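Here are the chains, one letter per residue:
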Amino acid sequence: MKQINNHTANAVGKIHGLTLSAFLIVNIVVTAVLQGELFPFLQDFLGTTWLAVIGSIIDATLYGGLYALIKWLCDKSFLRKNKKFDIAGRWYHVHIPRQLGEVDYSAKYLSAGYTDISRELYDFTLNGYNKHMKMFDDGVFPSDDYTTHWYTKATKFADSNEFDLIEIYEAESKGRSVRELKSCPCCKTQFPTPVNISDSENYRYGIHTFKLFTKGVSGVCERIEAEYSDCWPSLKNGDIFFFRTEAERNEYIKNYFRIAQEKNSACS
């Protein structure tokens, strides 16, 4: 039976092992200094009980300080070997919907916004905020009719898969998301007239799978792509593209609507 490989738990176990070894060595030196210089002087004023309390506080502080230092060193070592995972900070994203695996160019708006990413060892936390984005006169403008906050419930290194990270997310929306369908999203049967449907509940869960793309030989991540899929009965699925700047994201949104306009013009 294949077991779950919890990278962060394994790392924390190793860090505690290194911290304990360092603590035992440093504690011998610190104890020798204190017992030889400070403790005999304080014993005359505080007594044995208070000296024991002070000694316990010193031990706890020493262990905590060594743990923080070793964790920081291990984290730096991880990033030196895996530069592309240094993705903490703000990214700007756009959702591109799909229907039966193909990009859906019928959307009148796109969900886009920004994502704040933080990392601790092998665990990543993402907080994303979306609004409906539309294109007017070659400019991209947000609408407040529908907003979504999605956030990480769990992340996992993908190990030997074709993607780098996998995330379970929870999403909370305000407003109503309506999609105009000209064909069935399951079998592509054409409807006699377009049908408007609500494509998701306001509270839902889903899965993201992330691919991290690096720039040249530096190994630094410059672009993130992900696939998203809400849990049923939500119909939302597709791709998310993350950019370092808002201008890059908006240019991608403009390009989507340009292609959509060309396709819709060709069909009419």
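See above for the structure.
Keep in mind the model is a prediction, meaning the values are calculated, not measured.

J.: Would you mind going over the overall build of the protein chain in detail, with residue names and values included?
T.: Looking only at helices and strands, the protein chain has 3 helices and 11 strands in total. Helices and strands in the protein chain line up, N terminus first, as α-α-β-β-β-β-β-β-β-β-β-β-β-α. Taken across its 268 residues, the protein chain has 36% of its residues classed as buried. Across the protein chain, the fraction of contacts at a sequence separation of at least 24, relative to all contacts at a separation of at least 6, is 59%. For the protein chain, the computed accessible surface area is about 16000 Å², with 58% contributed by carbon and sulfur atoms.

J.: Before we move on, could you go through unusual backbone geometry and cite the residues and values that matter?
T.: The peptide bond linking tryptophan 232 to proline 233 adopts the cis configuration, its omega dihedral lying at 15°. Tracing the backbone through its elements, the reader meets proline 233 in the loop between β10 (220–230) and β11 (237–243). For leucine 121, which is not glycine, the phi torsion reads 55° and is therefore positive.

J.: Before we move on, could you go through empty space enclosed by the protein and cite the residues and values that matter?
T.: Counted under the stated rule, the structure contains 1 cavity of 30 Å³ or more. Each pocket or cavity is described by its volume, and for the largest cavity that value is around 30 Å³. Surrounding the largest cavity, Ile87, Ile117, Leu126, Leu165, Phe210, Ile224 and Phe242 form its lining. Taken together, the residues of the lining of the largest cavity sort by class into 7 nonpolar, no polar and no charged.

J.: Report on the pairing of strand β3 (residues 110–120), specifying residues and quantitative values.
T.: As judged from the 6 bridges shared by strand β1 (residues 89–99) and β3, these two strands associate in the antiparallel manner. Bridging from a neighbouring strand, tyrosine 92 pairs with tyrosine 114 of β3. Note: β3 against strand β4 (residues 123–136), 11 bridges, orientation antiparallel. Residue threonine 115 lies in a different strand from β4, and its bridge partner there is glycine 128. In this structure, the hairpin formed by β3 and β4 is closed by a connection of 2 residues, where leucine 121 is found at a positive phi of approximately 55°.

J.: Residue-level account of the pattern of salt bridges, with values.
T.: Close approach of charged atoms allows side chains with opposite charge to pair. Within this structure, the stated rule accounts for 11 salt bridges. Between glutamate 120 and lysine 71 there is a salt bridge whose closest N-O contact spans 2.3 Å. Taken together, the residues span a long stretch of sequence, with glutamate 120 in strand β3 and lysine 71 in helix α2 (residues 48–81) at a distance of 49 residues. Note on glutamate 120: relative accessible area 47%, which makes it partly exposed. Of the charged contacts in the structure, one is a salt bridge between arginine 223 and glutamate 225, with a shortest N-O distance of 2.3 Å. For arginine 223, a relative accessible area of 27% translates into the label partly exposed. Judged by relative accessible area, glutamate 225 falls into the partly exposed class, the value being 23%.

J.: Talk me through the side chain of threonine 115; I want residue IDs and the actual numbers.
T.: The residue threonine 115 is located in strand β3 in this model. Polar side-chain contacts of threonine 115 include one of 2.7 Å to the side chain of histidine 93.

J.: How would you summarise the environment of glycine 65 if you had to cite specific residues and measurements?
T.: Relative to the assigned elements, glycine 65 resides in helix α2. Accessibility expressed as a relative area gives 39% for glycine 65, which makes it partly exposed. For the pair glycine 65 and phenylalanine 23, spaced 42 residues apart in sequence, the C-alpha separation works out to 9.7 Å.

J.: Would you mind going over the nonpolar core in detail, with residue names and values included?
T.: When a protein is soluble and globular, its nonpolar side chains tend to lie buried together. Core analysis: the biggest nonpolar cluster contains 21 residues, and Ile87, Phe124, Ile224 and Phe242 have the highest contact counts within it. Mapped by element, the contributors of at least two residues to this core are α2, β4, β5 (139–157), β6 (165–175), β9 (203–215), β10 and β11. Residue contributions to this core peak at 4 residues, all from β10. Apart from residues no more than four positions distant in its own chain, phenylalanine 124 is found in contact with Phe85, Ile87, Ile117, Ser118, Arg119, Thr152, Thr155, Phe157 and Leu165.

J.: Quick rundown of the layout of surface pockets? Include the residues and the values.
T.: Within this model, the largest pocket holds a volume of roughly 810 Å³. In terms of lining residues, the largest pocket is bounded by 25 residues, among which Asp104, Tyr105, Ser106, Ala107 and Asn264 are the most central. For the lining of the largest pocket, the secondary-structure elements that each account for two or more residues are β2 (102–103), β4, β7 (178–183) and α3 (246–267). Examining the composition of the lining of the largest pocket, we find that 7 residues originate from one element, α3, more than from any other. For the lining of the largest pocket, the class distribution of residues is 9 nonpolar, 7 polar and 9 charged. Of the voids in this model, the second largest pocket is the one considered here, and its volume is about 440 Å³. Listed by contribution, the elements that provide at least two residues to the lining of the second largest pocket are β1, β3, β4, β5, β6, β7, β9 and β10. Classifying every residue of the lining of the second largest pocket gives 9 nonpolar, 8 polar and 8 charged.

Scoring rules and cut-offs
Residues numbered from 1 in each chain as written. Predicted model: local features only at pLDDT ≥ 70, side-chain atom pairs only at ≥ 80, totals over all residues. Heavy atoms only, no water. Helix = DSSP H or I, 4+ residues; strand = E, 2+ residues; numbered from the N terminus. Buried < 20%, exposed > 50% of the residue type's maximum accessible area, 1.4 Å probe, protein only. Contact = heavy atoms within 4.5 Å. Areas by Shrake-Rupley, 256 points an atom, 1.4 Å probe, with all protein chains shown as cover. 1 Å grid on protein atoms, 1.4 Å probe; cavity = no way out; pocket = protein on both sides within 12 Å on 5 of 7 lines; lining within 4 Å. Points joined across faces, edges and corners; volume = space filled by probe spheres on them. Nonpolar A, V, L, I, M, F, W, Y, C, P; charged D, E, K, R; others polar. Pairing = 2+ DSSP bridges. Salt bridge = Lys/Arg side-chain N within 4 Å of Asp/Glu carboxyl O. Polar contact = N/O pair within 3.5 Å; in protein donor to acceptor, adjacent residues only side chain to side chain. Core = buried A, V, L, I, M, F, W, Y, C linked by side-chain atoms within 4.5 Å.

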